[in-house]
Amino acid sequence: MVIIVKPNTKEERIQDLIHWIEAQNLRTHVSSGDYSTIIGVIGDTSKLDEDLISGLDIVEGVKRVSEPFKSVNRKFHPQDSVIEVGEQKLKVGHGNFHIIAGPCSVESEEQIISVAKSVKAAGATMLRGGAFKPRTSPYDFQGLKADGIELLLEAKRETGLPIVTEIMNANHLPLFEHVDVIQVGARNMQNFELLKELGRTDKPILLKRGLANTIKELLMSAEYIMAGGNERVILCERGVRTFETATRNTLDLSAVPVLHELTHLPVIVDPSHATGVARYVKPMALAATACGADGLIIEVHNDPPHALCDGAQSLRPEQFEDVARGVRAIRSTLAGLEG
Ligand code: PEP
Ligand code: MN
């Protein structure tokens, strides 16, 4: 249920209403905009007397929210959420666009530092790199694990770039203390125990869409994190599995406007895992930018043919520079159309 409070209502009257609701075993989510305050009510609202609430002098209207996702729902929070990342408090969402770039996996100090420096010079604002790798085969490189996180932290010290890396097991959380954004990979999108643990942290979470999951399921997974109290969720469309084999996955770009309609959370796109082919990354990165993504996550390697993971889709630094330039051109065209 969403309760729209009349403009200029005194804060203590709003608080009285919130206390009254919470005393009935319900949770609230308050969104204060420039003109009105919206109280989202979460829980079994069937016993709440809708007529009684709409009759209150401070209430402008009451709406039932039929969707099962509540906290992530735009009806609860009409303005775009802006998520702050890292010590610099980089803002993500609501027109604040970021490119996260780096290798699929951290392989060595030399590799991660050199990639970090080159992607920063080309315009990336965050560094990615896997330390714990979810691999289809148990015999493939599984990542440098704790040492990989240490190397990412070193790259952060060298470049100042906030770091983004994937978690696969909640028991590893202590290792992520200085990680700026914790990534939940496609394979763990519905690892609900992991999502609940991340809901108890205050770290920004980059939640990737599962290989065979619907947009609604992605939103329900984000709801798990938010239900635990962590509201800092960034969604990522990374392609879904279809009958098509020409690309690794099929990039569902329509997810971007659909998600923007349904949720206030920022939405970024991963054209690398979506296509699996380096030469397709640029066109899809540009298309994702044009259709309203709040950012991109792109795999870049200093020596793709020898990468330990995902070399075929990894860009060389100079190719990444070209993509970043194209993305800037699209963004300025978009700004011109809006202005
Ligand atoms: C990754 O980002 O390296 C990764 C494994 O992505 P996904 O979970 O989308 O496959
Ligand atoms: Mn990868």
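Residues numbered from 1 in each chain as written. Chains lettered and ligands numbered in written order. Predicted model: local features only at pLDDT ≥ 70, side-chain atom pairs only at ≥ 80, totals over all residues. Heavy atoms only, no water.

Explain the site of ligand 1 here, please?
Lining the immediate surroundings of ligand 1 are Cys104, Arg128, Lys133, Glu166, Gln183, Gly185, Ala186, Arg187, Lys208, Arg238, His273 and Glu299. Within the side chain of Arg128, one N or O atom sits 2.8 Å away from an oxygen atom of ligand 1. Within the contact set of ligand 1, an oxygen atom lies 2.9 Å away from a side-chain nitrogen or oxygen of Lys133. If ligand 1 stood free it would expose 290 Å²; the protein chains cover 97% of that surface. Broken down by class, the residue content of the shell around ligand 1 amounts to 2 nonpolar, 3 polar and 7 charged. (Near = heavy atom within 4 Å. Polar contact = N/O pair within 3.5 Å; in protein donor to acceptor, adjacent residues only side chain to side chain. Areas by Shrake-Rupley, 256 points an atom, 1.4 Å probe, with all protein chains shown as cover. Nonpolar A, V, L, I, M, F, W, Y, C, P; charged D, E, K, R; others polar.)

In this structure, what is going on with the sheet that holds strand β1 (residues 2-5)? I would like to understand it.
Within a sheet, each strand pairs with its neighbour through backbone hydrogen bonds, oriented either parallel or antiparallel. Spatially, β2-β3-β1-β4 is the arrangement adopted by the 4 strands of the open sheet, whose pairing is antiparallel. Among the strands making up the open sheet, the edge pair consists of β2 (27-32) and β4 (59-63). Averaged over neighbouring strand pairs, the angle between their axes works out to 20° when direction is ignored. Bridge count between β1 and β4: 4 bridges; the pairing is antiparallel. Within β4, the position partnered with Val2 by the bridge is Lys63. On the sheet, helix α1 (residues 11-22) packs against β1, β2, β3 (37-42) and β4 and is oriented at approximately 5° with respect to β3. (Pairing = 2+ DSSP bridges. Helix = DSSP H or I, 4+ residues; strand = E, 2+ residues; numbered from the N terminus. Axes fitted to C-alpha atoms, helices over the stretch in contact; angles between N-to-C directions. Contact = heavy atoms within 4.5 Å.)

Sorry, what's going on with the packing of aromatic side chains here?
Any two aromatic rings considered together are summarised by their centre-to-centre distance and by the angle between their planes. What the rule picks out here adds up to 2 aromatic pairs. Here the aromatic rings of Phe132 and Phe176 are separated by 6.2 Å at their centres, their planes lie at 25°, and the arrangement is stacked. In this pair, Phe132 sits in the loop between β8 (126-128) and α4 (146-159) while Phe176 sits in the loop between β9 (163-166) and β10 (181-184), placing the two residues 44 residues apart along the sequence. Take Phe132: its relative accessible area is 6%, and that puts it in the buried class. The class for Phe176 is buried, based on a relative accessible area of 0%. Between the aromatic rings of Phe192 and Tyr224, the centroid separation amounts to 4.6 Å while the plane-to-plane angle is 25°, which identifies the pairing as stacked. (Phe/Tyr/Trp six-rings, centres within 6.5 Å; stacked < 30°, edge-to-face > 60°. Buried < 20%, exposed > 50% of the residue type's maximum accessible area, 1.4 Å probe, protein only.)

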